[in-house]
Amino acid sequence: MGCLVYSANAQYAGGNSVYNFLKLPASPLNTALGGENISVISNDVTMGYQSPSLQREEMDQQLGIVFTSLPGSIKNFHLTGSIYKASWATSLMASVQYFSYGKIPQTDAAGNEYGSFNPRDYVLNIAASRKYGQHWFYGAAIKFIQSNYGQYRSSAIAMDFGVNYADSNRHWQAGLLLRNMGIQLRSYTGDGQDNLPFDLQLGITKRLARAPIQFSLTIHELHSLILYNADSTGTFDHIMQHMVFATQFFIGDKLELTAGYNHLRRRELSIANSTNGLTGYSLGLGILLSKLQLRYARAYQSNSKAYNQFGLNIVLR
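Rules used throughout
Residues numbered from 1 in each chain as written. Predicted model: local features only at pLDDT ≥ 70, side-chain atom pairs only at ≥ 80, totals over all residues. Heavy atoms only, no water. Helix = DSSP H or I, 4+ residues; strand = E, 2+ residues; numbered from the N terminus. Buried < 20%, exposed > 50% of the residue type's maximum accessible area, 1.4 Å probe, protein only. Contact = heavy atoms within 4.5 Å. Areas by Shrake-Rupley, 256 points an atom, 1.4 Å probe, with all protein chains shown as cover. Lys, Arg positive; Asp, Glu negative; His and termini not counted. Charge placed at Lys NZ, Arg CZ, Asp CG, Glu CD. Core = buried A, V, L, I, M, F, W, Y, C linked by side-chain atoms within 4.5 Å. Pairing = 2+ DSSP bridges. Polar contact = N/O pair within 3.5 Å; in protein donor to acceptor, adjacent residues only side chain to side chain. Phe/Tyr/Trp six-rings, centres within 6.5 Å; stacked < 30°, edge-to-face > 60°. pLDDT = per-residue confidence, 0-100. Patch = residues over 30% accessible without salt bridge, like charges linked within 9 Å, V, L, I, M, F, W, Y side chains within 5 Å. Salt bridge = Lys/Arg side-chain N within 4 Å of Asp/Glu carboxyl O. 1 Å grid on protein atoms, 1.4 Å probe; cavity = no way out; pocket = protein on both sides within 12 Å on 5 of 7 lines; lining within 4 Å. Points joined across faces, edges and corners; volume = space filled by probe spheres on them.

Caption draft 1: Structural view of the overall build of the chain. Of regular secondary structure, the chain possesses three helices and 16 strands. In terms of principal-axis extent, the alpha carbons of the chain reach across some 65 × 45 × 30 Å. A buried classification covers 50% of the 317 residues belonging to the chain. A fraction of 52% describes how many contacts in the chain between residues 6 or more apart in sequence connect residues 24 or more apart. Of the accessible surface of the chain, which amounts to about 14900 Å², a share of 59% is contributed by carbon and sulfur atoms. With 25 positive and 19 negative side-chain charges, the chain shows a separation of 7 Å between the mean positions of the two kinds.

Take a look at the structure:
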C-alpha cells in the first residue's frame, strides 16, 4: 500500500495528513503537466477533477475514462461525466476515483495468517462551474471520501473552490485553487480527527503568439513554508519544491506533446548516492479528434520505476 501515503518522505509543516491518494492526478493531461496544474484550459473533462473552474460549456455531454497502472499491482480507475445546463448557465460534473490495492494477507500479532482483505479507497465528486463576465470562471466541488483497509475504515467530506482567468487574445490563463477543505467523519481508529491534505495553489499558463508552444508554472502548497527538509536542503531548494513546470507542443489541432517537472516529487523520491535520472519528470501524448480524445502519460518515480496512465474522452452528443 505504498501509494496510500504518496508523499511519505515529505516533512510537512503542521504534521502529515491522511487520504494522500487525493494528491494523485486523475487526468493523463494533468499527470503529463507534472501532476499539479490549474491553469491549462483544454477540452478535457477529466481536468475538472483537478479544479472545478476548469469545466467549460464545451464539455457538455463528455465522458472521460482513465486507467492508471501503479507500482505494486495497485490499480486506479477514474470516471467523469459533464453536462451543461443552459437554463442555469452552469456546467455540472460528476466523477468517481477508485483505488484497489489487491489482496493482502491478514495476520495476527504473532504472524499467523487467518485470511486476507482487499484495501481500497474511493472518492465521489460533484462539481459546478460558471462564467462571470468575459474572462472569469469559477467553480466548486464537494467530495465524499471513503477508505477501507480491513478493520480500519475512515470517511470524510471535502470541498474544492477554484477561480480561473482566461484571455484568448493575449494567449494566457491563470488559476487559483483551494483544495481538500473539509472534515473527517470517521477516523481510522475512532479517536479524534486527522488532517486532510489541504492545498492552496496558484498557476499561470502562457502560449506563444507566433509558435505552437505553451508554458505553465504551478505553485502548490502555498500555505506551507517547508515541504521536504533534509540536511542538504537550502532556501532555493525549498522555494523550488513549491513549483511545477510544464511545456506543451501543439502539432496542428490534432496532436499534443506535453512534458512536466515536479521538483518536490524529485526530492521526495530521490535515492542517495544516485543520479536519479528522470525522477520527477513526466511526459504525455494527446490525440484529439472531433468526438474522441486519446491521452497517455508516463510519470517517473525513480531510475527504474514509472507509472503509466491512459485516458479516453468521448463526446456523446
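There is more to say, and it comes next.
Caption draft 2: Geometry of the nonpolar core. One finds Tyr19, Phe21, Leu22 and Ile145 to be the most contacted residues of the largest nonpolar core, which totals 20 residues. For this core, the secondary-structure elements that each account for two or more residues are strand 7 (136–149) and strand 8 (152–167).

Caption draft 3: The pairing of strand 7, seen in detail. Bridge count for strand 6 (residues 120–132) against strand 7 is 13 bridges, and the pairing is antiparallel. Bridge pairing in strand 7 places tyrosine 122 opposite glutamine 146. Taking the residues that link successive antiparallel strands as the turn, the strand 7-strand 8 hairpin has two residues, and the phi of glycine 150 there is positive, at about 70°.

Caption draft 4: Here's a closer look at the side chain of glutamine 173. Mapped onto the secondary structure, glutamine 173 falls in strand 9 (residues 172–186). Looking at glutamine 173, its side chain comes within polar contact range of the main-chain oxygen of serine 39, at 3.2 Å. Residues contacting glutamine 173, with those up to four places away along its chain left out, are Ser39, Val40, Ile41, Tyr165, Ala166, Gly203, Ile204, Thr205 and Gln214.

Caption draft 5: Broad picture of the side chain of serine 95. Structurally, serine 95 is set in strand 3 (residues 90–100). Residue classification places serine 95 among the buried residues on the basis of a relative accessible area of 7%.

Caption draft 6: View of the packing of aromatic side chains. Tallying each qualifying case throughout the model produces 12 aromatic pairs. Ring geometry for tyrosine 101 and tyrosine 149: centres 6.4 Å apart, planes at 75°, overall edge-to-face. Of this pair, tyrosine 101 sits in the loop between strand 3 and strand 4 (104–107) while tyrosine 149 sits in strand 7, placing them 48 residues apart in sequence. Taken individually, tyrosine 101 and tyrosine 149 each receive the classification buried, so the pair is uniform in this respect.

Caption draft 7: Spatial organisation of the environment of alanine 156. For alanine 156, the location among the structural elements is in strand 8. Alanine 156 sits in the buried class, given a relative accessible area of 0%. Spatially, the C-alpha atom of alanine 156 lies 6.8 Å from that of arginine 186, the residues being 30 residues apart in sequence.

Caption draft 8: How the structure looks around the confidence of the model for the chain. Averaged over the chain, the pLDDT score is 90; the fraction of residues at 70 or greater is 94%. Scored below 50 in pLDDT, residues 1–15 makes 39 contacts in the model with residues more than four places away or belonging to other chains.

Caption draft 9: Seen up close, a nonpolar patch on the surface. Taken together, the side chains of Ile126, Tyr132, Trp136, Tyr138, Ile142, Met159, Phe161 and Met181 define a hydrophobic patch exposed on the protein surface, amounting to about 790 Å² of accessible area. When residues of the nonpolar patch are traced back to their parent elements, those giving at least two are strand 6, strand 7 and strand 8. Per element, the largest residue contribution to the nonpolar patch is three residues, and it comes from strand 7. With respect to the helices and strands, the residue isoleucine 126 is situated in strand 6.

Caption draft 10: The layout of surface pockets, seen in detail. Empty space within the largest pocket amounts to approximately 920 Å³. Forming the boundary of the largest pocket are 43 residues, of which Ile41, Ser42, Asn43, Arg56 and Glu58 lie nearest the centre. Only strand 3, strand 6, strand 8, strand 9, strand 12 (243–251), strand 13 (255–262) and strand 15 (292–300) provide two or more residues apiece to the lining of the largest pocket.

Caption draft 11: Up close: the pattern of salt bridges. By the definition in use, this model includes six salt bridges. It is possible to trace a salt-bridge network through shared partners that takes in Asp44, Glu256 and Arg295.

Caption draft 12: Expanded view of unusual backbone geometry. For tyrosine 19, which is not a glycine, the phi torsion comes out positive at approximately 55°. Among the secondary structure elements, tyrosine 19 is positioned in the segment before helix 1 (28–32). Overall, the relative accessible area of 2% leaves tyrosine 19 in the buried class. Although it is not a glycine, histidine 171 adopts a positive phi angle of roughly 60°. Along the chain, histidine 171 falls in the loop between strand 8 and strand 9.

Caption draft 13: Quick look at the environment of arginine 267. Within the fold, arginine 267 resides in helix 3 (residues 263–269). Residues arginine 267 and tryptophan 172, 95 residues apart in the sequence, show an inter-C-alpha distance of 30 Å. A distance of 2.9 Å separates the side chain of arginine 267 from the side chain of aspartate 237, its partner in a polar contact.

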